[in-house]
Amino acid sequence: MPTALTDLCRYPIAQAPMAGGVARPELAAAVCGAGGLGFLAAGYKTADGMYQEIKQLRGLTDRPFGVNLFMPQPSLADNAAVEVYREQLAGESAWYETPLDDIDPYGGVDDGYEAKLAILREDPVPVVSFHFGCPSRAVLDGFAKVGTYTIVTATTAAEAQAAQWSGADAVCVQGVEAGGHQGTHRDDPQADGTGAGVGLLSLIAQVREAVQIPIIAAGGLMRGSQIAAVLAAGAAMAQLGTAFVVTPESGADALHKQAMTNPLFTRTELTRAFSGRPARGLVNRFLREHGPYAPAAYPAVHHLTSGLRKAAARSGDAQGMALWAGQGHRMARQLPAGQLVEVLMAELESASAGPGRDGVRESGSPESRQAGPGLPGELGGAL
């Protein structure tokens, strides 16, 4: 078992634990094999489903890997608001000829947390990370006793301090640029809006002054030069999600992969439309029409829209899917995951070496420049 963040992998690159089938064993194994830190996502899976994926990944790699857990959520759903949203989605149900999910939208808030903890304590994995909150000191101390390295996602300096106080080995600092769900410890509807969240570089600086544990930076990172920037800002490792969505090893739907660089999808937004919790995705019809009215009711809304999202994917309609993506999605490169890690490292080394002989910083290897979606060097992305 690793004893420090630098023992986990050869390169300072982690693949984000994207739930919903994206971060499957094949992807994690490819990243681990290339020298990065691969992750499995236990969110939305049963405890046995998580265990089976761990077994599969162990058969694919002997290198350290991580498993991500969702923290149990308080039952904040307003039942009346959820029912109003159900009525609003009736047209979607008719359009896709699919009934709204029969799963009780008012239950299942713990995501099988205790059962998953029991498995991970009995059969330890190298790394366990947590999203949507911070575990108790007893939980983190229990993992320390079995040699598991623990990471807690934080979106503010205060959340990072809570992670350190509870005994986490490291904190994953998630900037507002990140795709998918924001890992806030408390879902506050009053914080919704265009000004919600803190940018990654500012957040790293704030967290660095607040805690002494290592920082992993996440949010909009798509190029090695951006990784160099967050390392220079004080992070010990960079975590990338959107960059790995389009890889062949990713379990993302083909429509999701294509949408990343499709000119039809020009921007992202934070929305509650699909799950009831703020998550960044490509702006499509479903997000535009339903986002303003979705209640703060996670995971009730997630269960409610599950069938609709699956039906949209089956019918080839990206306008009805949850297309999670970070702000740098247009810079996605359709490379095998292992090759992507190598290209990112080449770009990181080039950026760290400083300006070239002509005074202009290189943008990576020729291969990495050719593999991009027609963007000029490092332009076109957001940090």
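Relevant structure appears above.
Since we're looking at a predicted model, the values are computed, not measured.

A separate point is the overall build of the protein. Along the backbone of the protein there are 15 helices and 11 strands. Taking all 383 residues of the protein together, the buried fraction comes to 56%. Looking at the protein alone, contacts between residues at least 24 apart form 70% of all its contacts between residues at least 6 apart. By element, 52% of the accessible surface of the protein is carried by carbon and sulfur atoms, the whole surface being about 15500 Å².

Let's shift gears to the pattern of salt bridges. Pairs can form between side chains of opposite charge whenever their charged atoms are close. Under the criterion given, the structure shown has 12 salt bridges. One salt bridge connects Glu 269 with Arg 267, and the closest N-O pair in it is separated by 2.6 Å. Judged by its relative accessible area of 29%, Glu 269 is partly exposed. Arg 267 sits in the partly exposed class, given a relative accessible area of 43%.

Turning our eyes to something else, we now look at the sheet that holds strand β1 (residues 13-15). Ordered by their spatial adjacency, 8 strands build an open sheet running β1-β9-β8-β6-β5-β4-β3-β2, and the pairing between neighbours is parallel. For this open sheet the edge positions go to β1 and β2 (38-41), each flanked by a neighbour on one side alone. Sheet twist, expressed as the average angle between the axes of neighbouring strands with direction ignored, equals 25°. Looking at chain direction, strand β6 (residues 170-174) and strand β8 (residues 215-218) are connected through 4 bridges and run parallel. For Gln 174, the partnering residue across the bridge sits in β8 and is Ala 218. Contacting β1, β2 and β3 (65-70), helix α1 (residues 25-33) runs over the sheet at an angle of about 165° to β2.

Time to look at the pairing of β3. Summarising burial for β3: 6 of the 6 residues are buried, a large majority. Residue alternation in β3 divides its side chains into two sets, Phe 65, Val 67 and Leu 69 and Gly 66, Asn 68 and Phe 70, and both sets are buried. As paired strands, β3 and strand β4 (residues 127-131) are joined by 5 bridges and run parallel to one another. Each bridged residue has a counterpart across the sheet, and for Gly 66 the counterpart in β4 is Val 127.

Moving on to the sheet that holds strand β11 (residues 279-282). Through backbone hydrogen bonds, the strands of a sheet pair up, either in parallel or in antiparallel fashion. Across the sheet, 3 strands lie side by side as β7-β11-β10; this open sheet has antiparallel pairing. Single-partner strands in this sheet number two, and they are β7 (180-181) and β10 (268-271). The pairing of β7 with β11 spans 2 bridges and is classified as antiparallel. From the neighbouring strand, His 181 faces β11, where its bridge partner is Ala 279.

Let's shift gears to the packing of helix α2 (residues 47-60) against helix α5 (residues 113-122). How two helices pack is summed up by the angle between their axes together with the distance between the axes. At a minimum axis separation of 9 Å, α2 and α5 run at an interaxial angle of 30°. On the basis of their axis angle, the class for α2 and α5 is roughly parallel. Relative to α5, α2 is oriented so that their crossing is right-handed. Contact residues: α2 offers Ala 47, Met 50, Tyr 51 and Ile 54, while α5 offers Ala 115, Lys 116, Ile 119 and Leu 120. Split into classes, the residues belonging to the contact of α2 with α5 amount to 7 nonpolar, no polar and 1 charged.

Moving on to the side chain of Thr 242. Position of Thr 242 relative to the elements: it lies in helix α10 (residues 242-245). A residue is classified by how much of its surface remains accessible, and Thr 242, at 12% relative accessible area, is buried. The residues touching Thr 242, leaving out its near neighbours within four places in the chain, are Met 18, Gly 179, Met 222, Met 260, Ala 325, Gly 326 and His 329.

Counting residues in each nonpolar core, the largest one holds 77 residues, and the members touching the most others are Leu 240 and Phe 244. Counting residues per element, this core draws most heavily on helix α14 (residues 337-353), at 8 residues. Not counting chain neighbours up to four residues away, the residues in contact with Phe 244 comprise Ala 14, Gln 15, Met 18, Leu 27, Val 31, Ser 250, Ala 337, Leu 340 and Val 341. One finds Cys 32, Leu 40, Val 125 and Ala 168 within the second-largest nonpolar core, a separate group that totals 27 residues.

With that settled, the discussion passes to the state of the cysteines. All chains considered together, the criterion is met by 0 disulfides. Cys 9 takes part in no disulfide bond, and the closest cysteine sulfur, belonging to Cys 32, lies 8.1 Å away. Here Cys 32 falls in the buried class, since its relative accessible area comes to 1%.

Basis of the calculations
- Residues numbered from 1 in each chain as written.
- Predicted model: local features only at pLDDT ≥ 70, side-chain atom pairs only at ≥ 80, totals over all residues.
- Heavy atoms only, no water.
- Helix = DSSP H or I, 4+ residues; strand = E, 2+ residues; numbered from the N terminus.
- Buried < 20%, exposed > 50% of the residue type's maximum accessible area, 1.4 Å probe, protein only.
- Contact = heavy atoms within 4.5 Å.
- Areas by Shrake-Rupley, 256 points an atom, 1.4 Å probe, with all protein chains shown as cover.
- Salt bridge = Lys/Arg side-chain N within 4 Å of Asp/Glu carboxyl O.
- Pairing = 2+ DSSP bridges.
- Axes fitted to C-alpha atoms, helices over the stretch in contact; angles between N-to-C directions.
- Parallel < 35°, antiparallel > 145°, perpendicular 65-115°, else oblique.
- Left-handed = near helix turned anticlockwise from the far one by under 90°.
- Nonpolar A, V, L, I, M, F, W, Y, C, P; charged D, E, K, R; others polar.
- Core = buried A, V, L, I, M, F, W, Y, C linked by side-chain atoms within 4.5 Å.
- Disulfide = S-S within 2.5 Å.

Without other data, these values stay purely geometric and don't point to any function.
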